[in-house]
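# Overview (structure and organization)
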Amino acid sequence: MLRFILRRLGTMLLTMLVLSILIFVISEVVPTDPALKILGRESTPQARAALSEKMGFNRPLPERYWNWITHFVRGDFGESYRLGAPIQPLVARRLTNSLFLAASALLIIIPVSLLLGVVAGLNEGRWPDRVISIGSLLSISLPDFVMGVLLITIFSWWLKVLPADSSLRGDNIDLALHGRKLILPAATAALVLIGYIARVTRVSMIEVMASPYIRTAVLKGLPRRTVIVRHALRNALIAPIAIITTQINWLIGGLIVIEQLFNYPGLGSLFARAALENDLPMIEASAMTAIVLIVLSQLIADLLYSALNPRVRLS
Amino acid sequence: MAVLDIQSLNVNYRGRRGIARAVRGLSLTIGEGETYGLVGESGCGKSTVALSIMRYLPKQAEADGQILFQGQDLMQASDAHLRHLRGNRIAMVYQDPQASLNPVLTIEKQLTEVLLTHQNYSHAEARQRALAMLERVRMPDPEYILRRYPHQLSGGMQQRVVIAMALLLNPDLVIMDEPTTGLDVTVEASVLDLLEGLRREFKMAILYISHNLGVIARICDRVGVMYAGELVEQADKQALFAQPHHPYTVSLLRCLPQRGTRHTDELLYSIPGRVPPLTDLPPGCVFAARCPLVQPACTAGVPALESVGSNHLARCFRWEAVRQQPALAAAVRPAPASAPAAGESSLLSVNHLKVYFKQAAGLLGWGQGGDVKSVDDVSFSLAPQQTLGIVGESGCGKSTIARGLAGLTAVTGGAVTFAGHDFTQPIERRSQNALRQMQMVFQNPDSTLNPRHTIRKTLSRPLRRFKVVPPEQETEHIIGLLRAVNLDETYLDRLPRQLSGGEKQRVAIARALAGGPQLVLCDEPISALDVSVQAAVLNLLRELQQERKVALLFISHDLNVVRYLADQVVVIYLGRVCESGPTEAIFNPPYHPYTEALVSAIPEANPNAASHAIRLEGTVPSPANPPTGCRFHTRCPRKIGAICETHEPPAQETGDGHTIYCHIPLDELAAMQTAEKPVQHL
């Protein structure tokens, strides 16, 4: 097991290294001079040269990369060009916000989608399955912004029970203060995924219930509850859990549309704004932060997967 | 009182094509301590009977009739009562042990839960019982096994676990559904030994389901033969095998290559036609369309299961005629004239062939990348129009040899000369002519025929590729090919899914022959087929070999088939040759100890055949790390000492090109093998 983790850690470091080079190249090397990218076409060559000098764009590439990555590793993300302020505290705050949002979404997704999928799978062809299947289809076919608008319409405008605006006034998120603001964006992200995951769970459950080892369990004379809980669930949940873990990336760094819609200050919207404003140090820092997080979450996902599946763990 | 008493059981499956009448009017009883064998080909309803008893039929099935278990009708039993009986009083052993065990639970959990559910055991007591039971099914190191997951055990061990699970509560009835199908012959033999011992020890009633008459002959007291959903014959084992009274039973027995029969003596008997669709049964006797003794009366009325002797029932109007069997005997055709004896020339010559696989290393090249020596120094040769059989357990490298010769797998070393040309390059680098000369037939015709191509398209591809005939003669040529494999032009525009397994394999053979090859590599071409179809495909190969003058490399785990078909045989163990030579020499002492074990593992379809004493323990070691010295020494029942572990065995010649690689002198081998050999019956 230790060997497995060490090997995974090695692969992870390599992945991060390759991705960091990719980010660096995309933002600072291609397609044009970074100073031109930041200042725009109307800028004077003198202004661009001055900026290059100030930001170090005129030094050799390997040196620039080395400088950037070593500072990043030490937690020094540099200064934002647009804001003129250190990036690190800003990214840290946005990251915390994003993690809270992702966690809240997962808190809804995991129990709801697995439960719906299992119930549908156990009742294949009967009414609970039909209802859940139609609901899943709806959830899959609605894009996140439509889903978000729908929820705002229902819960903020008609029922007036939840705020449509999820902007956080204070610097740091405080659950006691902002808990209600998390509900709608988290629910939107959750609803987008629930249908898909419930469907995967349903198919997996149906497959497992028809398998020879479930027949063995039933013909051992075990009560139906034991058959389902002990023999079926652990096998049936392997596939959906693997899929949920692949969606963690999206939940942490990819909720740009939802964050914009609810005005929620997460990592996604920070990255989006940095990209629009060509704030190169900010783009690099936020993208790299997201990558570190995603790679780490994949390690956790792999460990979880192998804990569930002895065929992976012991092979 | 009988333990199990089934009275007129009917099972129908509702499906898209109508109602399939899977079991019709089946009655049978099994007494205390009796083993009842239910035999028949696939799709005849055997497993449906088993699942009806367990009351585990799929939703679309409807069953009626009575299934009395110790006098109580299971068809009327409540769910709670069924739960009480299952796993406790009635237990089951399944065909595929790997799939039947839960992959995410330890063996301990899966065994003890039976005890904890049905009895008030503490966990510690349940564990003790499970340990004791694993010992009784002769499992080495039960403590260790309890902590394992199913995928960590070999197939034979998994099946022992399933058997132990079934016997934990000493049930009154155990249903065994093809428990040794899918296991290697050597493993099958030791599981059957175990079952024979256990049934005496536990005195339970057993319903033993199998398609293999040899297994049935070994293990059962009484036998029922099913065909297309009906019981067509039932008798004590001795009576059934000595004098079958139903033409189907007779045919099934005749389909098997008999020990000692050679392809030069006679063609095998095969049953013409196919099983009627259960959704649309013919009037009268269900076997009439395939029966050599059919008369008008057979299609007019339905025969009843009538008594033809003491405890002997048969469902046939003509059972008295069957008893004399002249018509059935006449059905056996003489073999076509054999090929001229092998001359000096050899068509294929393989010298020191090596096929190694690199072991998968980690993503970053970490972890060891040692070689798996799948085929390690194998030599043999094959003369034109002759048949070479390659035999051995699964994982011994048989298929890899064929794939290496065909260029599908890269050859690591050695020389392959075919028709005077070097044949060691991979398939991409071979000329059109080289490809045309050597073709292959695979085990599973379902996955080797493109499901979207019609038979015409499948067969036209090699014709065009190798420019065999001008396009305007293509159809005519394809029809000729279909006729050669006993099909006809009505198959031209069908898709593979509209064909039966045997028909698909015929198409695969026709495809291999399309380019006019000199050699066809057959990798287990009949193992996926039913017995009656196997015989027909074997005959076909034999006839085509004569007509089209091809040589065959025939890979099989079935020694009887190889003995019937092959002129020369090579026995392979862990990528090495153990023994090679003319077929008759291989199948008579002196044997290589491995060949001896393989031969003695075959269950004979003859209840009086004494079983040989020698058995192999364990499984084939990993070819990544083969044993030193003689590779067989870890399992060899005749190992003589340290020399077997340290020195490679010498090649010992007996003359006639028969070579045995063993440290034991040939005369000693022959002496111990003839001395122990019991009197042959038949």
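Everything discussed here concerns the structure shown above.
Residues numbered from 1 in each chain as written. Chains lettered and ligands numbered in written order. Predicted model: local features only at pLDDT ≥ 70, side-chain atom pairs only at ≥ 80, totals over all residues. Heavy atoms only, no water.

So, on to the packing of aromatic side chains. According to the stated counting rule, one finds twelve aromatic pairs over all chains in the structure shown. Note on Y65 of chain A and W68 of chain A: the rings are 6.0 Å apart at their centroids and 55° apart in plane angle, and the pair reads as tilted. One end of the pair is Y65 of chain A and the other is W68 of chain A, both in helix α4 (residues 61-73) and three residues apart, which spans about a single turn. The buried category is assigned to W68 of chain A, whose relative accessible area is 13%. Among the aromatic residues, ring-to-ring pairing joins F24, Y65, W68, F72 and F77 of chain A into one connected group. Sitting over the ring of Y144 of chain B, R148 of chain B keeps its end group 4.2 Å from the ring centre. (Phe/Tyr/Trp six-rings, centres within 6.5 Å; stacked < 30°, edge-to-face > 60°. Helix = DSSP H or I, 4+ residues; strand = E, 2+ residues; numbered from the N terminus. Buried < 20%, exposed > 50% of the residue type's maximum accessible area, 1.4 Å probe, protein only. Lys NZ or Arg CZ within 6 Å of the ring centre and 35° of its normal.)

Take the interface of chain A and chain B next. At the interface, 27 residues of chain A touch 30 residues of chain B. Taken together, both faces of the contact between chain A and chain B bury some 2700 Å²; the carbon and sulfur share is 63%. Across the chain A-chain B interface, the total number found is two salt bridges. Residues R230 of chain A and E113 of chain B are paired through a salt bridge, measuring 2.5 Å at the closest nitrogen-oxygen approach. The interface formed by chain A and chain B includes ten residue pairs in polar contact (both at pLDDT 80 or more). Secondary-structure elements contributing two or more residues to the side of chain A that touches chain B are α1 (2-28), α9 (212-219), α10 (224-236) and α15 (310-313) of chain A. If one sorts the elements of the side of chain A that touches chain B by residue count, α9 of chain A sits on top with seven residues. Broken down by class, the residue content of the side of chain A that touches chain B amounts to 13 nonpolar, six polar and eight charged. (Contact = heavy atoms within 4.5 Å. Buried area = accessible area lost by both parts, 1.4 Å probe. Salt bridge = Lys/Arg side-chain N within 4 Å of Asp/Glu carboxyl O. Polar contact = N/O pair within 3.5 Å; in protein donor to acceptor, adjacent residues only side chain to side chain. Nonpolar A, V, L, I, M, F, W, Y, C, P; charged D, E, K, R; others polar.)

All right, on to the sheet that holds strand β17 (residues 421-422) of chain B then. Residue and element names in this part refer to chain B. Strand order in this open sheet of four strands is β14-β13-β16-β17, and the pairing throughout is antiparallel. One side of each edge strand has no neighbouring strand; the edge strands of this open sheet are β14 (371-382) and β17. Inspection of the sheet shows strand β13 (residues 348-358) paired to β14 by nine bridges, in the antiparallel sense. Directly across from Y356, in β14, lies its bridge partner K373. (Pairing = 2+ DSSP bridges.)

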